[in-house]
Amino acid sequence: MKDQGLHLPPIKRRTFLKAAGALGATAAVGGGAELLTRSAASASDQTAGEVKEYYASCTMECIHCSLIAEVQAGRIINVKGNPNFNTQPCLRGLSRAQWVYSKDRVLYPMKRVGEKGSGKFERITWEEALDTIAAKMKEVKANAGPKGFLYLGGSGNFASLAANSVRSFFSHVGGVTPTVGTLCCSAVTEAMNNMMGDRYYEFRDTLDQSRYIICWGNNPAVTNQGYYKKITAAVEAGAKLVVIDPRYSETAAKAHEWFSIKPGTDTALAMGMLRVIITEKIYDEAFLLNKSGAPFLLKGGDQVMVENKPQVMDSATMKPVPFDTPNVKPVLSLPAGGEYETVFDLVAKEVAVWTPEETQRVTTVPAGAVVRLAREFAATKPAAIMQNMSGAQRTEFGTYTVASQLYLATFTGNWGIPGAGVNDTGGVNQLFKVPAPVAAATFDPIPSIPVTKVGEYILADKPHKIDLLWIGNVSPMTQYPNTNAMRKALKKVPFVIAANNVWASHMDYADIVLPATTLWEYVDVLAATRSEYVQLLDKAIDPPGEAHSDAWIVAKLSTRFPGLAEKFDKPEEELCNVVLKPFGKTVADLRRDGPYRPFPTPWVPWKDGTFKTSTKRFHLFVPAWKTKKFSPVVKYYQPKETPEGNPELAAKYPLQMVNRKISRTIHSSFGGGTVPWVDEATQREQKVMIHPLDAEARGIGDGDLVKVFNDRGELRVKAWVTEWMTRGIVSLENGWWEREGGSSSTLTNDTPEALSNGHSLNNTLVQVGKEA
């Protein structure tokens, strides 16, 4: 592709990191319903020679820092952080101008003229591209019905128009084959929705008030950089920081204690801690009795319900009564062998086998540490578990991992107070129902595809054949598990549309490629699940070539379908104002005043231990899981793709593989060499972390080229021989593109998580061998 770039000057790594660090040090924490006051202009106000400022935000799956572009004569000359925002951008955000002017930008509509995968395309007009897509959609709908459509969107852009336009359009055309589950956090959703009544609630603003913090299977020093300052502040104020991770991570290096754990056994560790808390009676009895379902009665393994109300045993009469009976004092535990038992009793029986010694045997966490962790967590308030869609829940039974962490907070009464609980991700959705720019239409049910099995299902025509695939805001060959199956699937689908602003690997397999916009090239709003701010993504410059936004693409496509133009063919600002209506704001307001935070300060979710379940209590017992033939309370299940779960497979592939995030990318965004500053300031080649004893047994030295492989595929990477990796476990990096050698997704397990259809990538077996 032709380089359209503003050739920004090279920058030395030390200079760049110094600038990024200085910005981080200026972070300011905002107050309730605050407005950031720095003025920004609209693109139409700009005159030649003047330097104007325009708002935007990093919109991929991160914490959505506010960015300001300085624009002169129609070109971005600088990107900086908003000094009044509560976080400051990292090196990726500061490099967004290089993304705008990348040599890899897609400039024009293209159609394939060679074999799929050959990368041979020719330029066409927008009219031809849209006419071709419309004709093919009508053909597929006539012959196969809407089940022949599949749309893959993702976490590349959380802004409202970008995230919703195409998906909503398919619903109005008649429907689309849905995918079930997510690659990031289905297990979190499954656990929190059933136990708490909702999810996407976070207390990052009060983390500095925590006195005990467990970073469990996540690495916020890298993946939550903007808020890591809160953890640092807590530690400086006397809080203890504990990290549980198979890898000695950047966060572990800053912690008081690090405990290595065998991948997929986190639930067992939590249950071992719960056993200590229950047997030593160091739980918060008042919270369990009054704010949870612990005293709810069970009979024959089922919850006792009368007129849809859980029953409890009245301690005065020793008879079942509705849980909300005035002045009732329920019994927490009943003698064994009677007609009833409580949910508390069932949980106590389930954790009874998890002695410290058994917990150590399964998890490798020392028995003494299990006891001490439990006692410390129970004795210290406020205490927090940083879960944040962790790698620990991206396992075959990740729902129970999340549930077990929620149990720990509930049994110790760590909800509804500043600095306490299990921290999820959260945004403005915590207080507002945010509408789509164009509401999706309802359509007849269509059989779904598990998100981790897209490649396999397409190849097998399960549950039916896919005739048309639209890919936007995601890189399926980099992020979806089992890359080789996905590659074959892209070759098999008769018609593939790929809309993107830079050329990614999957686009070589498309039939039509559409050039999309990026920041400062169109108008959009961000009101989503990652930030407590409502933000404007303003148009500051004209996009290169013939690039257009997803909203524009759908608007023009809608004119080719009777009755749809009146819904979709509208100006971007008008659509954005639909999204902003619940906040009482308009695009003009955000353009004038900056990002808006409609929250009280401090923000404390689940205040006073009130939840969004039918009883307003935390539900420890989940009937829906029993219906699925799983335990209704927390239970440890052995993942299959592990040495213990599949010894025969482990004989071929004896090493467990976990994935890690690195600072160069957010998933695959910023990868592929598209942003030179990021490549200059971070590592430029993928590495596999391997313990010295595992390396020695294979004749591998530090820096050697090695092959990491299993039945799904193979990768060639450099070996990083280090004691920071636990023996028997290796770690590969997320986000590398095909042209950089391929990503860890080539090897990762595509088994859907058992309860949520989520991602099981951290239950993967591999072998590592030295390349000749």
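Residues numbered from 1 in each chain as written. Predicted model: local features only at pLDDT ≥ 70, side-chain atom pairs only at ≥ 80, totals over all residues. Heavy atoms only, no water.

Ranked by size, the top nonpolar core spans 126 residues in total, and within it Phe411 and Trp470 carry the most contacts. Here this core gets nine residues from one element, more than from any other, and that element is helix α9 (residues 266-279). Ignoring sequence-local partners within four residues, the contact set of Phe411 consists of Leu274, Ile277, Ile278, Tyr283, Asp284, Leu288, Phe344, Val347 and Leu620. Counting 65 residues, the second largest nonpolar core, distinct from the first, contains Val71, Phe121, Tyr480 and Ala498. (Core = buried A, V, L, I, M, F, W, Y, C linked by side-chain atoms within 4.5 Å. Buried < 20%, exposed > 50% of the residue type's maximum accessible area, 1.4 Å probe, protein only. Helix = DSSP H or I, 4+ residues; strand = E, 2+ residues; numbered from the N terminus. Contact = heavy atoms within 4.5 Å.)

Another point: the side chain of Gln656. Secondary-structure assignment places Gln656 in strand β25 (residues 655-660). Given the relative accessible area of 5%, Gln656 is considered buried. Every residue in contact with Gln656, bar those within four places of it in the chain, is listed here: Lys262, Pro263, Thr642, Pro643, Gly728, Ile729, Val730, Thr764 and Leu765.

A separate point is the packing of aromatic side chains. Per the counting criterion, the structure on display carries 31 aromatic pairs. Measuring from ring centre to ring centre gives 6.0 Å for Tyr248 and Trp724, while their planes differ by 50 degrees; the resulting arrangement is tilted. Of the two residues, Tyr248 sits in the loop between β9 (240-244) and β10 (257-259) while Trp724 sits in the loop between β28 (713-721) and β29 (729-733), which places them 476 residues apart along the sequence. On the basis of relative accessible area, Tyr248 is assigned to the partly exposed category, the value being 25%. Centre to centre, the rings of Phe611 and Phe618 are 5.7 Å apart; their planes meet at 75 degrees, and the pair counts as edge-to-face. (Phe/Tyr/Trp six-rings, centres within 6.5 Å; stacked < 30°, edge-to-face > 60°.)

Once that is clear, we can look at the layout of surface pockets. In this structure, the second largest pocket occupies an estimated 270 Å³ of space. Along the walls of the second largest pocket sit 17 residues, with Gln303, Met305, His619, Phe621 and Pro623 positioned nearest its centre. Broken down by secondary-structure element, the contributors of at least two residues to the lining of the second largest pocket are β12 (302-303), β14 (309-313) and α22 (623-627). Sort the elements by how many residues they give to the lining of the second largest pocket and α22 lands first, with three residues. Residues belonging to the lining of the second largest pocket are distributed by class as follows: eight nonpolar, six polar and three charged. (1 Å grid on protein atoms, 1.4 Å probe; cavity = no way out; pocket = protein on both sides within 12 Å on 5 of 7 lines; lining within 4 Å. Points joined across faces, edges and corners; volume = space filled by probe spheres on them. Nonpolar A, V, L, I, M, F, W, Y, C, P; charged D, E, K, R; others polar.)

Next up on the list: the confidence of the model for the protein chain. In this model, the protein chain carries an average pLDDT of 92, and 94% of its residues clear a pLDDT of 70 or more. Here residues 1-44 scores under 50 on pLDDT; set against residues more than four positions off or in separate chains, the count is 114 contacts. (pLDDT = per-residue confidence, 0-100.)

Here the focus is the side chain of Thr615. Following the sequence through the fold, Thr615 ends up in the loop between α21 (587-593) and α22. A relative accessible area of 8% means that Thr615 is categorised as buried. Polar contacts involving the side chain of Thr615 include one to the main-chain amide nitrogen of Arg617, which spans 3.2 Å. Every residue in contact with Thr615, bar those within four places of it in the chain, is listed here: Phe296, Pro310 and Phe323. (Polar contact = N/O pair within 3.5 Å; in protein donor to acceptor, adjacent residues only side chain to side chain.)

As a further point, take helix α20 (residues 572-580). Within α20, burial applies to Glu572, Leu575, Cys576, Val579 and Leu580. Along the axis of α20, the buried residues cluster in a sector spanning 145 degrees; they form a single face. (Arc of directions from axis to C-beta.)

Once that is clear, we can look at the packing of helix α6 (residues 186-196) against helix α14 (residues 398-411). Contact geometry for α6 and α14: axes closest at 8 Å, N-to-C directions at 45 degrees. By the angle class used here, α6 and α14 are oblique. Along this stretch, α6 crosses α14, giving a crossing that reads as right-handed. Every residue of α14 that contacts α6 at Ala187, Val188, Glu190, Ala191, Met192, Met195 and Met196 is listed here: Gly398, Thr399, Val402, Ala403, Leu406 and Tyr407. Of the residues that constitute the contact of α6 with α14, the class distribution is ten nonpolar, two polar and one charged. (Axes fitted to C-alpha atoms, helices over the stretch in contact; angles between N-to-C directions. Parallel < 35°, antiparallel > 145°, perpendicular 65-115°, else oblique. Left-handed = near helix turned anticlockwise from the far one by under 90°.)

Moving on, we come to empty space enclosed by the protein. Summed over the entire model, instances satisfying the criterion amount to three cavities of 30 Å³ or more. Approximately 60 Å³ is the volume found for the largest cavity. Along its surface, the largest cavity is lined by Asn164, Ser165, Ser168, Pro437, Val438, Ala551, Val554, Phe568 and Leu575. At the level of elements, α5 (160-173) and α18 (550-558) are the ones that each hand at least two residues to the lining of the largest cavity. The greatest single-element share of the lining of the largest cavity, amounting to three residues, is contributed by α5. Partitioned by chemical class, the residues of the lining of the largest cavity number six nonpolar, three polar and no charged.

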